[in-house]
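# Observations on the three-dimensional arrangement
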Amino acid sequence: MTTKPPLPVHVERIGPTLTPDRSRVLMRPFNPAAESSARRIVAQVMALPEADVPRLLGEVLGEFGRRHDAVERFFRTRFQQVRHLLASDQEPSAARQALLGAYFANEYSPESAALFNPSIVPHPDQSGLRAGELRFIMSLRATGEGHISSITFREGIIDAQHRVTLVPPVPFATEPTRVPNAIYETALFARKLAEAGVQNRFCRSVLEQLGDTFTLERLQEILTSERACSEETPAVADRAARGLQLLAESNYEVRFDPAQPVSQRVIFPSSPSQSNGIEDARFVRFQGDDGKVVYYATYSAYDGKIVLPQLLETEDFVHFKFNTLNGPAVQNKGMALFPRLIDGHYAMLSRQDDDNILLMFSDNIHFWHKAEKLLTPAQPWEFIKIGNCGSPIETEAGWLVLSHGVGAMRKYCLGAFLLDREDPSRVLGRLRQPLLSANAAEREGYVPNVVYTCGSLLHGRQLLIPYAMSDSATSFASVALDELLAAME
């Protein structure tokens, strides 16, 4: 008996292509490796004749002032952060403060190495468009020095003919500021502590003093006082206090200036769990049963040793909340949230190994306890590894999910499968042939022979797929939804 050949699916590469721009640099804090070096630098700057200070500051501002917004303000902020290194209570002049700050700052090019693994969602603002147009926001994984990954953004429009126009990015890149006195819910915080196995008398005593909600500043005050009077040994108290502090630091909020263009915003790692990268954010426009819309993104936090799936939340791409995910099912990479509740529960695709795509349900978006096998590799082009490529897209035929498969010579291809709308544990169909694989122009890069995406977008009856090329650059492809569904087996 012969096997019926699969129906062909025509995927059109439509561009445009985004390549890394090394000229877009962030102003970041610089901290010498040793405090003794930092104190020496401060002493040398403090010893400069006052008459030389304006000239030296002018030279720095002349060289870097046009490469960033508010350079001198950044320098003054850095001075406040290092002023404890001053040898006396002497108050430096305003110019010397800024000059001192300049010695504790540096530039970082977030996308100097790569701009890849895109995710795309409808923009919160759909005003001022012509018929058939859709405005979108696209996130990208930007990788720079030290292979540290951050999240950067672009915005654009898909027109009625499914052509993509990107808004040119501004030359500046800016990090958000931490939201001061962000509010923590004590009950949720306590549950996360318990899931992490951080429980003893010290922790219970601290939690009892926090009230229903608390700020990081309040937590630090209680930790200091509890250490002084705790009946635990110093070592036990220190470990518990560190666990409480790390959990709080991993659940935080940041905010950009709303006046800044979307492309100016860069989310750089700023918590211990992210210290070596925020990787592969999969954004989804999530609509609750009450109609409220929030954008979630699952991402991989990497500290140089451990990869942890985590959650990002925003309503406007200005104010972002970072949250830890907890539970035994929170493992590995590639978690992707469904865009709505299913039978009253959150639903998520995940991968805990290289062999399976899993399905999970939860009544709380922060906690995931059980995962069931959904798909295993079936075709030669996915024998090595299989995983999702972003959140499921709801169609009248079912949940459309793009996947990735890894085959011979560790070549990555995109595939697709279809799940039942009401019972996504039922697989209705999947492609036998790759949907998209690297062509001759796409196979050279940081990691050769790879195409990959973290999320696609349905526009009418056309699926728009932003995709990374060999972990280096990003482009766009388009495929007719009806043709793709017809090819499912």
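Remember, predicted model here, so these are calculated numbers, not experimental data.

### Some details on the environment of Trp 399
Its place among the elements puts Trp 399 in strand β23 (residues 398-406). Taking the relative accessible area as the measure of exposure, Trp 399 reaches 0% and is therefore buried. Each C-alpha atom, one on Trp 399 and one on Ile 158, is 22 Å from the other, the two residues being 241 residues apart in sequence. Looking at Trp 399, its side chain comes within polar contact range of the main-chain oxygen of Arg 421, at 3.0 Å.

### A look at helix α6 (residues 201-208)
Listed in full, the buried residues belonging to α6 are Phe 202, Cys 203, Ser 205, Val 206 and Leu 207. Elements that come into contact with the buried residues of α6 comprise α5 (186-195), α7 (216-229) and α8 (234-250). For α6, the N-terminal capping position is held by Asn 200, with its side-chain oxygen 3.1 Å away from the main-chain nitrogen of Phe 202.

### Here's the deal with the pattern of salt bridges
Within the structure shown, the criterion is met by 27 salt bridges. Across the pair Glu 133 and Arg 130 runs a salt bridge whose closest N-O atoms are separated by 3.2 Å. When its relative accessible area of 17% is taken as the criterion, Glu 133 is described as buried. Under the relative-accessibility criterion, Arg 130 is labelled exposed at 66%. Where Arg 163 meets Asp 159, a salt bridge forms, and the shortest distance between an N and an O atom there is 2.8 Å. Owing to a relative accessible area of 14%, Asp 159 belongs among the buried residues under this scheme. Because the salt bridges share partners, they merge into one network encompassing Arg 141, Glu 279, Asp 280 and Lys 333.

### Some thoughts on the side chain of Asn 200
Inspection of the secondary structure assignment puts Asn 200 in the loop between α5 and α6. For Asn 200, a relative accessible area of 17% corresponds to the buried category. Side-chain polar atoms of Asn 200 contact the backbone nitrogen of Phe 202, separated by 3.1 Å. A distance of 2.9 Å separates the side chain of Asn 200 from the backbone nitrogen of Cys 203, its partner in a polar contact. Setting aside residues up to four positions removed in sequence, Asn 200 forms contacts with Glu 232, Val 236 and Ala 240.

### Let's talk about the packing of α6 against α8
Across the interface, α6 lies against α8 with an axial gap of 9 Å and an inter-helix angle of 50 degrees. As the angle between them shows, α6 and α8 are arranged oblique. In this structure, α6 meets α8 at a crossing whose hand is right-handed. For the pair formed by α6 and α8, the contact residues are Phe 202, Cys 203 and Val 206 on the first element and Ala 237, Ala 240, Ala 241 and Leu 244 on the second. Grouping the constituent residues of the contact of α6 with α8 by class yields seven nonpolar, no polar and no charged.

### Here we look at the packing of aromatic side chains
Inspection of the entire model under this criterion finds 18 aromatic pairs. Taken together, a centroid distance of 5.2 Å and an interplanar angle of 80 degrees make the contact between Phe 338 and Trp 399 edge-to-face. One end of the pair, Phe 338, is in the loop between β17 (336-337) and β18 (346-350); the other, Trp 399, is in strand β23, and 61 residues separate them in sequence. By the burial criterion, Phe 338 is buried, and Trp 399 matches it. Measuring from centroid to centroid gives 6.3 Å for Tyr 412 and Tyr 452, while their planes differ by 70 degrees, and the two rings are edge-to-face. Placement of Tyr 412 in strand β24 (residues 412-419) and of Tyr 452 in strand β27 (residues 451-452) is noted, with a sequence separation of 40 residues between them. For the residue pair Tyr 412 and Tyr 452, the accessibility class agrees, reading buried in each case. In textbook terms, an aromatic cluster arises when at least three aromatic residues are bridged by ring pairs, as seen for Phe 153, Phe 256, Phe 283, Tyr 295, Phe 317 and Phe 320.

### Let's talk about the nonpolar core
Counting residues in hydrophobic clusters, the biggest one holds 31 residues, and the most contacted among them are Leu 400, Leu 435, Leu 463, Ile 465 and Leu 484. Contributing elements (two or more residues each) for this core: β23, β24, β27, β29 (462-469), β30 (473-480) and α9 (481-486). In this structure, Leu 463 is in contact with Ile 393, Leu 400, Leu 402, Ser 456, Leu 457, Leu 458, Ala 477, Ser 478, Val 479 and Leu 484, ignoring residues within four places of it in sequence. Counting 20 residues, the second largest nonpolar core, distinct from the first, contains Tyr 252, Ala 281, Ala 297 and Phe 320.

Quick notes on the rules
- Here the residue numbering is sequential within each chain, running from 1 through the sequence in written order.
- A pLDDT threshold of at least 70 governs which residues receive local features in this predicted model, and a stricter bar of 80 or more applies before side-chain atom pairs are shown or counted, although totals over entire chains, interfaces and linings include all residues.
- Note that water and hydrogens are dropped before the side-chain values are worked out from all heavy atoms of the structure.
- Strands are runs of DSSP state E lasting at least two residues, helices are runs of H or I lasting at least four, and both sets are numbered from the N terminus onward.
- Think of it in three bands: with a 1.4 Å probe and only protein chains considered, a residue is buried below 20% of the maximum accessible area for its type, exposed above 50%, and partly exposed in between.
- N or O atoms within 3.5 Å of each other form a polar contact, as long as, within protein, one can give a hydrogen and the other can take it, and as long as residues adjacent in sequence are counted only when both atoms are side-chain atoms.
- Any two residues having at least one pair of non-hydrogen atoms within 4.5 Å are treated as being in contact.
- Any Lys or Arg side-chain nitrogen located within 4 Å of an Asp or Glu carboxyl oxygen qualifies as a salt bridge.
- Interaxial angles span 0 to 180 degrees and are taken between N-to-C directions of axes, which are lines fitted to C-alpha atoms, for helices over the stretch in contact.
- The scheme is simple: roughly parallel for angles under 35 degrees, roughly antiparallel for over 145, roughly perpendicular for 65 to 115, oblique for anything else.
- Helix crossings fall into two classes, left-handed where the near helix is turned counterclockwise from the far one by less than a right angle and right-handed where it is turned clockwise.
- Three categories are distinguished: nonpolar for Ala, Val, Leu, Ile, Met, Phe, Trp, Tyr, Cys and Pro, charged for Asp, Glu, Lys and Arg, and polar for the others, with Gly belonging to the last.
- Centre distance within 6.5 Å is the pairing criterion for rings of Phe, Tyr and Trp, where only the six-membered ring of Trp is used; planes under 30 degrees apart are then read as stacked, over 60 as edge-to-face, and the remainder as tilted.
- The term nonpolar core refers to a set of buried residues drawn from Ala, Val, Leu, Ile, Met, Phe, Trp, Tyr and Cys, joined through side-chain atoms within 4.5 Å.

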